[in-house]
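So you can see what is in the structure, the chains are spelled out below.
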Number of protein chains: 2
Amino acid sequence: MNGAESLVRSLIASGVDTCFTNPGTSEMHFVAALDHVPGMRSVLCLFEGVATGAADGYWRMARKPSCTLLHLGPGLANGLANLHNAKKAASGIVNIVGEHAETHRELDAPLMSDIPGLARPMSAWVHTSESAADVGEAGALSVQAASTGAGKVATLILPSDTAWTDGASVHEAGPVPARALPEADKVADAAAALGGADTLLLLGGEALSVENLERAGRIAAKTGCHLLSEWSNARMERGAGRVVVDRIPYPIDLALKRLEPYRRIVLLGARAPIGFFAYPGKPAVLTAEGTEIVELANVDADLTAALDALVAATDAAGIEPAHVAAREVPPVPSGPITHESMAQAIAATLPEGAIVVDESVTTGRGFASWTKGAEPHTWLNNLGGSIGYGMPVAIGCAVACPDRPVLALTGDGSAMYTVQSLWTMAREELNVTVVIFANRSYQILRGELTNVGVQNPGPRAVDMLSLDRPVIDWVQLARGMGVEAVRVEEAGDMAKAIDTGLDHKGPYLVEVVC
Amino acid sequence: MNGAESLVRSLIASGVDTCFTNPGTSEMHFVAALDHVPGMRSVLCLFEGVATGAADGYWRMARKPSCTLLHLGPGLANGLANLHNAKKAASGIVNIVGEHAETHRELDAPLMSDIPGLARPMSAWVHTSESAADVGEAGALSVQAASTGAGKVATLILPSDTAWTDGASVHEAGPVPARALPEADKVADAAAALGGADTLLLLGGEALSVENLERAGRIAAKTGCHLLSEWSNARMERGAGRVVVDRIPYPIDLALKRLEPYRRIVLLGARAPIGFFAYPGKPAVLTAEGTEIVELANVDADLTAALDALVAATDAAGIEPAHVAAREVPPVPSGPITHESMAQAIAATLPEGAIVVDESVTTGRGFASWTKGAEPHTWLNNLGGSIGYGMPVAIGCAVACPDRPVLALTGDGSAMYTVQSLWTMAREELNVTVVIFANRSYQILRGELTNVGVQNPGPRAVDMLSLDRPVIDWVQLARGMGVEAVRVEEAGDMAKAIDTGLDHKGPYLVEVVC
């Protein structure tokens, strides 16, 4: 058995059965091995950022790693931006990156680059297999590394001679290290800290599952503490019957105001709040001076155990959870497209079990309040801030959950970074409804110009943030990649179009001119 | 004056007047400075790989650096693949990469990443400006670094607090270090090595300019040596009246055969020939065993001086150059689309002064022989092998040379990586005619599967190399980004469509179904 085949077999033996691929010459033996070895679904992507983003979305919904297959350093480089987002979301991914044979590395071939150097900034685990005998075990270890804690990015570099040489064997990933249990004194500190409306339980990571939200809701009911989540969450369960947790706002002044009342904050899978960016004359830390912060458990810890311990310590076990959302679906809106009518259109059409991948940037800041009583659904944010995450992550969600509808909400500027996603959606007939908010600008940056202190930007600056020359025709772009599409300019039409998309077999794109 | 303004002014003072941008929040002060400071043309790109590829093309034609403006680590990451190609082509580029303010870096903000670590693999020069007072000088040094030798990638990291703080000043780049002159003993060795048809002068870099090709032609006429260039060249002048230099073939068996006769090879701006990839059972070094190799001058040296010295040493000064191409333009073809009829269509329509950016991969391997007697033109190859280079490089060429027609020849698979290029071409009304060879597969990889020893690939492997499910409709893609387009399926129509594109003001796309 050659190294490539041992890798495919070891990945499958370790539970990895999905590969998002954009291969090249150095990965041809891996591709060939897919023919001999059943059990690995391969999803072709036409750009590597689509593959890595898809692997991120897959992890968030399947809760197990998939692998990517990338061509040498430049192929990995093209995937790094979405690996950055995956790293910040604590998503587990195994990257398989082809490398030149040893003889070629010494010769500085045209495609030679420092692959480990490129991998390290976005990976928790990097390994180069230098012999066929090493590959199977390395594959198993990469899966274990990816599954550690809340999830990690692992990168396995596979030289082509290692892939084509015989003498390899199959290995299975060992057990994943247990996640940290809460320390008793931390639990006591946290329980003591929570009490009254000037105390906050700040949730992140798996604390936002249905069951953990219920636990948090009991604690809130018992202690009177408030609940919030970070601005961006890898995966939050929401909708009717679920405990509502608002997100800390993105705009710095709103965030400062929202956090100002709290004297004590307990962190549970969340980090102490900081601004997304630094702004002249504004603080970087969002909490008021003197706020006491108790970190009960970080995102890698066993958050269920931490919440159970906190429920016990606050004596909240028998209490009805607070803040449970009543079912409240707004009527289908009509009239002009506004931020409010767009939110209503989404809330009105959101089907039970929907997965919402949210890269709506400026447009979607009001969506949360309108959708909190909608049918139960799952909401995914971008934690790394590198735009172009939405459509790729939606691919991974749809592959992981073929029976659930996926709604990808994305700004037009963001969607262009990884526009090739549409082709993979069509090829795999994925049930993704893509909603493009076509405001024809980098709208967020217009606000950020002001935030960083630039008053009255001139025409050249404004021009650098404008996408209206030429206008992007999303309907043609989508059809060009085999995805049916429609453009809407009225709120009722928007709701109707989303419904059409959700009913449609395979992907559908709705361009909302806003 | 704040740091951002000092940087814009220092770049302009140092001769940099073009910026390919995809900015974000951390770069807003740089964007704002563009309003106050005249003299910097800013070209907005919707994906960073377009910006870096455009900067590569700009250098190759303008022979001076432009700058890119990229958003933090992920923005740089998206540009790395084309920076890899630029590095291998020895193109001079100044990357300006925004960074978080110091307070934010310490807090590990969402968009934090190891920017210097990401920059180093593709950059010859990396610097982070830690104070506003440093920025102007750093800008000047970055231009100097980029202009060193044949050209280098320089990356200047600009923290946002450095950009917005006052107390900065303007600096101008010092003189570029002189390029290495040929050593007398090396010249003597090279002159002694050349003589007869079993000796080869292998050319690369600026040895392929019109005047240097003439020098090489004289040496060939006098000594009887052969002339060849590397498989990929940053810029080669070609066509009627110019000395013809064939490229070493890409397929390894053809390359081995082509180089087998040579007992002695002199390198002049070229590297000793190696295979693009390693293949099982094939040599990595392409020259026959025992071939003597004399390196007269590497790509960073003064190649004109080296050729002058070699002309003198071989006593070739008064000799008529050998291998001067006669004007030989094939008739406009008709009939089915074949590799040959496509080559004829291009040769027949190529106007004088055209810049051809060649990413035709498999389709274009026969183009050279058909176009060697065409109207005088410039031909650019991809030296780094990371696909998605063609359309971005064409943007840079068109910005650098607004009066010359640009023809971008690209495979469909390659073009998808940086498809966002079309929008920038439309926005800037660039005279680029894009020819898409739509073979609807990663055709090159089908051959490579066989090359690496995979006989009879199965359906799953073949499926990973096929782009026909769904078929990409390039006409719709182009129109979706504001570029007029046509699809052709016949050789005469292809020639007519290219003519239309060349006559068309602004960009035009021709999808050739092949």
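Residues numbered from 1 in each chain as written. Chains lettered and ligands numbered in written order. Predicted model: local features only at pLDDT ≥ 70, side-chain atom pairs only at ≥ 80, totals over all residues.

Here we come to the overall build of chain A. For chain A, the count of helices and strands is 21 helices and 18 strands. If you line up chain A on its principal axes, its C-alpha atoms span 65 × 60 × 45 Å. In chain A, which comprises 514 residues, the proportion classed as buried is 64%. In chain A, 81% of the contacts between residues at least 6 apart in sequence involve partners at least 24 apart. (Helix = DSSP H or I, 4+ residues; strand = E, 2+ residues; numbered from the N terminus. Buried ≥ 20, exposed ≤ 12 C-beta atoms within 10 Å, placed from the backbone. Contact = placed C-beta atoms within 7 Å.)

Between chain A and chain B, the residue contacts involve 79 residues of the former and 79 residues of the latter. Sort the elements by how many residues they give to the side of chain A that touches chain B and helix H4 (residues 72-89) of chain A lands first, with eight residues. By residue class, the composition of the side of chain A that touches chain B is 43 nonpolar, 25 polar and 11 charged. (Nonpolar A, V, L, I, M, F, W, Y, C, P; charged D, E, K, R; others polar.)

A few words now on the domain arrangement of chain A. When its domains are assigned, chain A resolves into domain 1 (3-164), domain 2 (184-313) and domain 3 (339-513). The class makeup of the residues in the side of domain 1 of chain A that touches domain 2 of chain A is three nonpolar, two polar and one charged. (Domains from an automatic or database assignment.)

Laying chain A over chain B is done by rotating through 180 degrees and shifting 0.0 Å along the axis; what remains is an RMSD of 0.0 Å. The superposition of one copy onto the other is thereby described by a two-fold rotation axis. Looking at chain A, 100% of its interface residues are interface residues in chain B too, so the copies touch through the same face. (Least-squares fit on C-alpha atoms with pLDDT ≥ 70 in both.)

Before going further, it helps to examine the sheet that holds strand S14 (residues 377-380) of chain A. Residue and element names in this part refer to chain A. Within the open sheet, the seven strands sit side by side as S9-S14-S13-S15-S16-S18-S17. Their pairing is mixed. Across the chains shown, the open sheet's two edge strands, defined by having one partner strand only, are strand S9 (236-238) and strand S17 (484-488). Across the sheet, the axes of successive neighbouring strands diverge by a mean angle of 20 degrees, strand direction being ignored. Pairing of S17 with strand S18 (residues 508-513) involves five bridges; the strand directions are parallel. In the sheet register, Glu484 faces S18, and the bridge partner there is Tyr508. Against the sheet, helix H21 (residues 491-503) makes contact with strand S16 (432-438), S17 and S18, and its axis sits at roughly 170 degrees relative to S18, the strand it touches most. (Pairing = 2+ DSSP bridges. Axes fitted to C-alpha atoms, helices over the stretch in contact; angles between N-to-C directions.)

Moving on, we get to the environment of Val244 of chain B. Residue and element names in this part refer to chain B. Within the fold, Val244 resides in the loop between strand S9 (236-238) and strand S10 (246-247). The sequence separation of Val244 and Ala368 amounts to 124 residues, and the corresponding C-alpha distance is 9.8 Å. Those residues in contact with Val244, other than ones at most four positions away along the chain, are His323, Ala325 and Lys372.

For the rest of this paragraph, the subject is the pairing of strand S4 (residues 93-99) of chain B. Residue and element names in this part refer to chain B. A large share of S4 lies buried, amounting to seven of its seven residues. Residues Ile93, Asn95, Val97 and Glu99 line one face of S4 and the alternating positions Val94, Ile96 and Gly98 line the opposite face, and both faces are buried. Summarising the sheet, strand S3 (residues 67-70) and S4 pair through four bridges and their orientation is parallel. Following the sheet pairing, Cys67 is matched in S4 by Val94. With helix H4 (residues 72-88) bridging S3 and its parallel neighbour S4, the resulting β-α-β unit is right-handed. In this structure, S4 lies alongside strand S6 (residues 153-159), joined through seven bridges in parallel fashion. Each residue of the ladder has a partner; that of Val94, found in S6, is Ala154. (Right-handed = clockwise from strand over helix to strand, strands pointing away.)

The subject of this paragraph is helix H12 (residues 303-313) of chain B. Residue and element names in this part refer to chain B. Residues Leu303, Ala306, Leu307, Ala309, Leu310 and Val311 constitute the buried set of H12. Looking at the packing, one finds that the buried side of H12 touches helix H9 (184-193), helix H10 (210-223), strand S11 (264-268) and strand S12 (292-297). Backbone geometry just after H12 places Asp315 at a positive phi near 60 degrees.

Note on strand geometry: in a regular strand, side chains alternate between the two faces of the sheet. Residues and elements named next belong to chain B. Most of strand S13 (residues 354-359) sits out of view: six of its six residues are buried. The alternating pattern of S13 places Ala354, Val356 and Asp358 on one face and Ile355, Val357 and Glu359 on the opposite face, and all of these are buried. In terms of strand pairing, S13 meets strand S14 (residues 377-380) through four bridges, oriented parallel. Residue Val356 lies in a different strand from S14, and its bridge partner there is Trp379.

Residue and element names in this part refer to chain B. The first and last C-alpha atoms of helix H7 (residues 132-146) sit 22 Å apart over 15 residues, in line with the 21 Å expected at 1.5 Å per residue. By the criterion of burial, H7 is predominantly enclosed, with 12 of the 15 residues buried. Among the structural elements, helix H1 (3-13), S4, strand S5 (125-128), S6 and helix H8 (160-164) are those in contact with the buried residues of H7. (Expected span 1.5 Å × (residues − 1).)

Looking at soluble globular proteins, one finds that nonpolar side chains tend to be buried together. Core analysis: the biggest nonpolar cluster contains 382 residues, and Leu201 and Leu268 of chain A together with Leu201 and Leu268 of chain B have the highest contact counts within it. Non-local contacts of Leu201 of chain A, meaning those with residues more than four positions away in its chain, are made with Leu194, Ala216, Ile219, Ala220, Cys225, Leu227, Val266 and Leu268 of chain A. (Core = buried A, V, L, I, M, F, W, Y, C linked by C-beta atoms within 7 Å.)

A few words on the packing of H1 of chain B against H7 of chain B. Residue and element names in this part refer to chain B. Close contact between H1 and H7 brings their axes to 8 Å; oriented N to C, the two are set at 25 degrees. In this view, H1 runs roughly parallel relative to H7, as classed from their interaxial angle. Seen along the crossing, H1 lies across H7 with a hand that is right-handed. In contact with Gly3, Ser6, Leu7, Ser10 and Leu11 of H1, H7 contributes Ala132, Val135, Gly136, Gly139, Ala140 and Val143. In terms of residue class, the contact of H1 with H7 is made up of six nonpolar, five polar and no charged. (Parallel < 35°, antiparallel > 145°, perpendicular 65-115°, else oblique. Left-handed = near helix turned anticlockwise from the far one by under 90°.)

Relative to the helices and strands, Leu194 of chain A resides in the loop between helix H9 (184-193) and strand S7 (199-203). Linking Leu194 of chain A and His226 of chain A, residues 32 residues apart in sequence, is a C-alpha distance of 8.9 Å.

This brings us to the sheet that holds strand S2 (residues 41-44) of chain A. Residue and element names in this part refer to chain A. Spatial ordering of the open sheet is given by S2-S1-S3-S4-S6-S5, a layout of six strands whose pairing is parallel. Every interior strand has two partners, whereas the edge strands, S2 and strand S5 (125-128), have only one. Going from strand to strand, the sheet's axes swing by 20 degrees on average, the running direction of each strand aside. The pairing of strand S3 (residues 66-70) with strand S4 (residues 93-99) spans five bridges and is parallel. In the sheet register, Leu69 faces S4, and the bridge partner there is Ile96.

Residues and elements named next belong to chain A. The linkage connecting Arg469 with the following residue, Pro470, adopts the cis geometry, with an omega of 0 degrees. For Asp108, which is not a glycine, the phi torsion comes out positive at approximately 55 degrees. Note on placement: Asp108 falls in the loop between helix H5 (102-106) and helix H6 (115-119). At Glu429, a position not held by glycine, the phi torsion is positive, near 50 degrees. Mapped onto the secondary structure, Glu429 falls in the loop between helix H17 (421-427) and S16.

Next up on the list: the confidence of the model for chain A. In the predicted model, chain A carries a mean pLDDT of 96, and the fraction of residues at 70 or more is 100%. Scoring of the predicted complex yields 0.98 for pTM and 0.97 for ipTM. (pLDDT = per-residue confidence, 0-100.)

A pair of packed helices is characterised by two quantities: the angle between their axes and the separation of those axes. Residues and elements named next belong to chain B. Close contact between helix H13 (residues 339-349) and helix H21 (residues 491-503) brings their axes to 9 Å; oriented N to C, the two are set at 35 degrees. The handedness of the crossing between H13 and H21 comes out as right-handed. Contact with H13, carried on its side by Ser341, Met342, Gln344, Ala345, Ala348 and Thr349, involves Ala491, Met494, Ala495, Ile498, Asp499 and Leu502 of H21 and no other residues of that element. For the contact of H13 with H21, the class distribution of residues is eight nonpolar, three polar and one charged.

All names here are of chain B. Residue placement: Thr363 occurs in the loop between S13 and helix H14 (367-371). For Thr363, a count of 24 C-beta atoms within 10 Å puts it in the buried group. In this structure, the C-alpha to C-alpha distance between Thr363 and Ile444, residues 81 residues apart in sequence, is 9.0 Å.

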